[in-house]
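Overview (structure and organization)
So you can see what is in the structure, the chains are spelled out below.
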Amino acid sequence: MTSGPGSPKTEGVSALDKITGEPLRSQVFLTFFDMPTKRSQPPQRKPRADAQRNRERILEVAKAAFTRSGANASLDDIAKQAAVGPGTLYRHFPTREELVQAVYRSELEKLAAAERKLAQTMTPIEALRAWLLLFVDAIAAKQLIAPALHTLVGDHKKVFAASYAQMQEAIRSLVKRAIKRGDIRKDLDPMDLLRALVGVANVTTSPDWQQSARRLVDILVAGSRPIS
């Protein structure tokens, strides 16, 4: 049950949230403990609208809480700030581990979804640049949430393999469109763009590394133009 009709004030609304409009509702991913079974499963009913809204508010508040306090952020405080009861939070996320995973997975899914929206509204080269800037924001979110995730699940790459695959598909699609239009050289490896941005984040200790990474986006785009 919610504690009031109004929406709670949440922190950590990113550029990804603005692009995608709302957290994605993907049912593609398995949780950390899911196991395949030979027995066919009955189709899952679509969550009620109010239940979905509760889940999304919890994820928004939890992201800000884990950013501030790490894995030990109070789940009761998260429920209170999301304007839901503790029982509602635990129905959606029975364990702390599942909540942290869901927050992290949501950020990756929103980044992958942004590719489709940008491709519909921008030229290929503009969409590529805009998505790379969003990727910089996603790196920042990952750096903030990753310590909590490592505390709980260890090797997060295994947990989120499908989400990483979605991001790779997104960047490859953006580069392919730009190559087809003649904006990008044909021998460009899309993953080199991501590696360059991740490298800046990993080697830079300065608090303004994001500004450096954003400048690098323009350098990378310019350097990817066809050789005349």
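What this report covers is the structure whose coordinates are included nearby.

1. Observations concerning the overall build of the chain
Looking only at helices and strands, the chain features ten helices and zero strands. If you list the helices and strands of the chain from N to C, you get α-α-α-α-α-α-α-α-α-α. For the chain, the residues scored as buried account for 45% of the 228 residues in total. A separation of at least 24 residues holds for 75% of the contacts in the chain among residues at least 6 apart in sequence. With the model as given, the accessible surface of the chain reaches about 13,200 Å², and the carbon-plus-sulfur share is 53%.

2. Notes on the packing of aromatic side chains
The geometry of an aromatic ring pair comes down to the distance between the two centres and the angle between the two planes. Considering all chains together, one arrives at one aromatic pair under this definition. Both rings, one in W131 and one in F135, keep their centres 5.9 Å apart while their planes meet at 20°; by these two values the pair is stacked. In this pair, W131 and F135 both sit in helix α6 (residues 124–153), four residues apart, roughly one turn of the helix. On the basis of relative accessibility, which here comes to 0%, the residue W131 falls in the buried class. Among the residues examined, F135 registers a relative accessible area of 7% and is labelled buried.

3. Some details on the layout of surface pockets
As a volume, the second largest pocket reaches approximately 420 Å³. If you trace the second largest pocket, you find 16 residues lining it, with F135, K142, Y164, M167 and V198 closest to the centre. Of all elements in the fold, only α5 (96–121), α6, α8 (161–181) and α9 (190–203) reach the threshold of two or more residues within the lining of the second largest pocket.

4. A word on α5
Helix length check: α5 (26 residues) gives 38 Å between terminal C-alpha atoms against 38 Å at 1.5 Å per residue, within 8%. Burial analysis of α5 places 20 of its 26 residues in the buried class, which makes it a mostly covered element.

5. A few points about the packing of helix α2 (residues 49–69) against α5
As a packed pair, α2 and α5 sit with axes 9 Å apart at the nearest point and diverge in direction by 95°. One way to sum up the angle between α2 and α5 is to call them roughly perpendicular. Within the contact between the two elements, α2 uses R55, I58, L59, A62, K63 and F66 and α5 uses R96, L99, V100, A102, V103, S106 and E107. Residue composition of the contact of α2 with α5, grouped by class: eight nonpolar, one polar and four charged.

6. Remarks on the environment of Q52
Considering the arrangement of structural elements, one finds Q52 in helix α2. Among the residues examined, Q52 registers a relative accessible area of 10% and is labelled buried. As a C-alpha pair, Q52 and H92 span 40 residues in sequence and 9.5 Å in three-dimensional space.

7. Notes on the nonpolar core
In terms of nonpolar packing, the biggest core is built from 39 residues, with L128, W131, L132, F135, I171, L193 and L197 touching the most fellow members. For this core, the secondary structure elements donating two or more residues are α5, α6, α8, α9 and α10 (209–223). Apart from the residues within four sequence positions on either side, L193 is in contact with L128, L132, I171, V175, L188, L220 and S224. Counting residues in hydrophobic clusters, the runner-up holds 18 residues, among them A65, F93, L99 and A102.

Rules of the game
Residues numbered from 1 in each chain as written. Predicted model: local features only at pLDDT ≥ 70, side-chain atom pairs only at ≥ 80, totals over all residues. Heavy atoms only, no water. Helix = DSSP H or I, 4+ residues; strand = E, 2+ residues; numbered from the N terminus. Buried < 20%, exposed > 50% of the residue type's maximum accessible area, 1.4 Å probe, protein only. Contact = heavy atoms within 4.5 Å. Areas by Shrake-Rupley, 256 points an atom, 1.4 Å probe, with all protein chains shown as cover. Phe/Tyr/Trp six-rings, centres within 6.5 Å; stacked < 30°, edge-to-face > 60°. 1 Å grid on protein atoms, 1.4 Å probe; cavity = no way out; pocket = protein on both sides within 12 Å on 5 of 7 lines; lining within 4 Å. Points joined across faces, edges and corners; volume = space filled by probe spheres on them. Expected span 1.5 Å × (residues − 1). Axes fitted to C-alpha atoms, helices over the stretch in contact; angles between N-to-C directions. Parallel < 35°, antiparallel > 145°, perpendicular 65-115°, else oblique. Nonpolar A, V, L, I, M, F, W, Y, C, P; charged D, E, K, R; others polar. Core = buried A, V, L, I, M, F, W, Y, C linked by side-chain atoms within 4.5 Å.

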